[in-house]
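Close look at the chain arrangement
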Amino acid sequence: MKKYVCDVCGYVYDPEQGDPDSGIAPGTPFEAIPDNWKCPLCGIGKDSFSVME
């Protein structure tokens, strides 16, 4: 699964780890995260993330 990086603060969403503090279970692909999810570091929306190359 691809990792995604926040374009604002650099937080990396790793699907293998998920975001348990926000209720996103490990193994959840970025595409399956609800659209109202926010970056846990800066609070920006999901639309401000890019695929890590």
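**Points about the side chain of aspartate 19**
Looking at the element boundaries, aspartate 19 is found in the loop between strand S2 (12–13) and strand S3 (49–51). For aspartate 19, which is buried and forms no salt bridge, the nearest opposite charge comes from lysine 46, at a distance of 12 Å. Setting aside anything within four residues of it in sequence, one finds aspartate 19 in contact with Tyr11, Tyr13, Ile24, Trp37 and Pro40.

**Observations regarding the side chain of threonine 28**
Mapped onto the elements, threonine 28 comes out in the loop between S2 and S3. Leave out the neighbours within four places in its chain, and threonine 28 touches Tyr13, Pro15 and Ile33.

**What about the environment of glycine 27?**
Looking at the element boundaries, glycine 27 is found in the loop between S2 and S3. Glycine 27 gets classed as partly exposed once you look at its relative accessible area, which sits at 38%. Not counting residues up to four positions away in its chain, the partners in contact with glycine 27 are Met1, Pro15 and Glu16.

Definitions and cut-offs
Residues numbered from 1 in each chain as written. Predicted model: local features only at pLDDT ≥ 70, side-chain atom pairs only at ≥ 80, totals over all residues. Heavy atoms only, no water. Helix = DSSP H or I, 4+ residues; strand = E, 2+ residues; numbered from the N terminus. Buried < 20%, exposed > 50% of the residue type's maximum accessible area, 1.4 Å probe, protein only. Lys, Arg positive; Asp, Glu negative; His and termini not counted. Salt bridge = Lys/Arg side-chain N within 4 Å of Asp/Glu carboxyl O. Contact = heavy atoms within 4.5 Å.

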